[in-house]
Amino acid sequence: MRSIDSIPAVIDAYEAYLILERGLSDNTREAYVRDVGKLVRYLETEKVTLREVTTDTLRAFAADLFDLGISPRTQARIVSGIKSFFRFMKLEGYLDSNPSLLLESPALRRHLPEVLRVDEIDAMIGAIDMEKAEGQRNRAIMETLYGCGLRVSELINLEISKLYFDEQFIMVHGKGDKERIVPISPQAIREIKDYLPDRALLPVKRGEENILFLNRRGHRLTRVMIFYIIKQLAEAAGIRKEVSPHTLRHSFATHLLEGGANLRAIQQMLGHEDISTTEIYLHIDRSMLRAEILAHHPRNAR
């Protein structure tokens, strides 16, 4: 197997491949190389090498693109470039297998994200193994993701000093390094308080003293780790939907809307700059209403 110790050298070889064998236009070639650069920076953040990349790693990267608010069309182009890069890596002998084969591009039509029912979320929480050291931490993570509608990046960077339990809100660092106030449920507060004694036993690394959720080595969790936790809990709960951390955020917003919350209030809690981003939940709510009518109205039950 060829060495990939020098990532810049691999990317240079990939660019030459795009020019000589694919014959892509300059704009497309440059975009593909930039997109590989995005993936490399993501992997560096997650401390994952190119040889350690799996399909789930790439799905987590794609989910992160969605969470950053990148348009579906741009997401699709980035995914296409990543798939091209890993085809090249396999073809040229840098990798034994291609982890991007099962990576799907986002649909370019308006997509209504998966939403979990409350009983499905309860089942995921019930599937947590409380005999494991990380059990209470994972309960707190589930309650915080769903109860506050956080992005993954907001969860992993949540600071202890920004938890205002007496007032029942937390301060979150959102996109663009903007802070916002988000209400937190009494249940999430209880789970976090129950987790804090476990956290106090960890060998907290320098610079992580104020970070709430840590791994057993005392480092903050990565996006990929949160992705794995949620995926494994969904599987353990027998949920067949495509579930990710973002699914809990979508479910949070949808359940608020179904309960009568104002769309502007939901926008503020989610940290959306543009109300049009939040309006997708109106479509979810209407589609659910239509499904209920089709399922239960006597004229449709015949």
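Treat the numbers as computed from the prediction; the structure is a model and nothing was measured.

Novice: Tell me about the overall build of the chain, and name the residues and values.
Specialist: The number of helices and strands found in the chain is 13 helices and 3 strands. Looking at the chain as a whole, 45% of its 302 residues qualify as buried. Counted over contacts in the chain with a minimum sequence separation of 6, partners at least 24 positions apart contribute 61%. Carbon together with sulfur atoms contributes 51% to the accessible area of the chain, which is approximately 16100 Å² in total.

Novice: Describe the packing of helix H3 (residues 55–67) against helix H10 (residues 245–258), and please don't skip the residues or the numbers.
Specialist: Here H3 crosses H10 at 35 degrees, and the two axes come no closer than 10 Å. Here H3 contributes Ala-63, Asp-64, Phe-66 and Asp-67 to the contact with H10, which in turn contributes His-246, Arg-249 and His-250. Looking at side-chain class alone, the contact of H3 with H10 contains 2 nonpolar, 2 polar and 3 charged residues.

Novice: I'd like to hear about the packing of helix H2 (residues 26–46) against H3, residue by residue, with values.
Specialist: As a packed pair, H2 and H3 sit with axes 11 Å apart at the nearest point and diverge in direction by 105 degrees. Between H2 and H3, the angle is such that the two are roughly perpendicular. Of the residues in H3, those in contact with Lys-38, Leu-39, Tyr-42 and Leu-43 of H2 are Thr-57, Leu-58, Ala-60, Phe-61 and Asp-64. Of the residues in the contact of H2 with H3, the class split is 6 nonpolar, 1 polar and 2 charged.

Novice: Could you give an account of the pattern of salt bridges, with specific residues and numbers?
Specialist: A side chain of one charge can pair with a side chain of the opposite charge when the charged atoms of the two come close. Applying the stated criterion across every chain, the model contains 18 salt bridges. A salt bridge links Glu-120 to Lys-241; the shortest N-O distance between them is 2.9 Å. Note that Glu-120 is positioned in helix H5 (residues 118–126) and Lys-241 in the loop between helix H9 (223–236) and H10, a separation of 121 residues in sequence. The shortest N-O distance in the salt bridge between Arg-216 and Glu-134 comes to 3.7 Å. With a gap of 82 residues between them, Arg-216 in the loop between helix H8 (186–199) and H9 and Glu-134 in the loop between H5 and helix H6 (135–148) connect regions that are remote in the sequence. One salt-bridge network, in which partners are shared between bridges, spans Arg-117, Asp-119, Glu-120 and Lys-241.

Novice: Quick one: what's the story with unusual backbone geometry, residue by residue and with numbers?
Specialist: Most peptide bonds adopt trans geometry, and most residues besides glycine take a negative phi value. With phi around 60 degrees, Lys-47 is a residue other than glycine that occupies positive phi space. Counting through the fold element by element, Lys-47 comes out in the loop between H2 and H3. Judged by its relative accessible area of 71%, Lys-47 is exposed. Its identity as a non-glycine residue notwithstanding, Gln-168 has a phi of 60 degrees, on the positive side. Looking at the element boundaries, Gln-168 is found in the loop between strand S1 (163–164) and strand S2 (169–173).

Conventions we followed
- Residues numbered from 1 in each chain as written.
- Predicted model: local features only at pLDDT ≥ 70, side-chain atom pairs only at ≥ 80, totals over all residues.
- Heavy atoms only, no water.
- Helix = DSSP H or I, 4+ residues; strand = E, 2+ residues; numbered from the N terminus.
- Buried < 20%, exposed > 50% of the residue type's maximum accessible area, 1.4 Å probe, protein only.
- Contact = heavy atoms within 4.5 Å.
- Areas by Shrake-Rupley, 256 points an atom, 1.4 Å probe, with all protein chains shown as cover.
- Axes fitted to C-alpha atoms, helices over the stretch in contact; angles between N-to-C directions.
- Nonpolar A, V, L, I, M, F, W, Y, C, P; charged D, E, K, R; others polar.
- Parallel < 35°, antiparallel > 145°, perpendicular 65-115°, else oblique.
- Salt bridge = Lys/Arg side-chain N within 4 Å of Asp/Glu carboxyl O.

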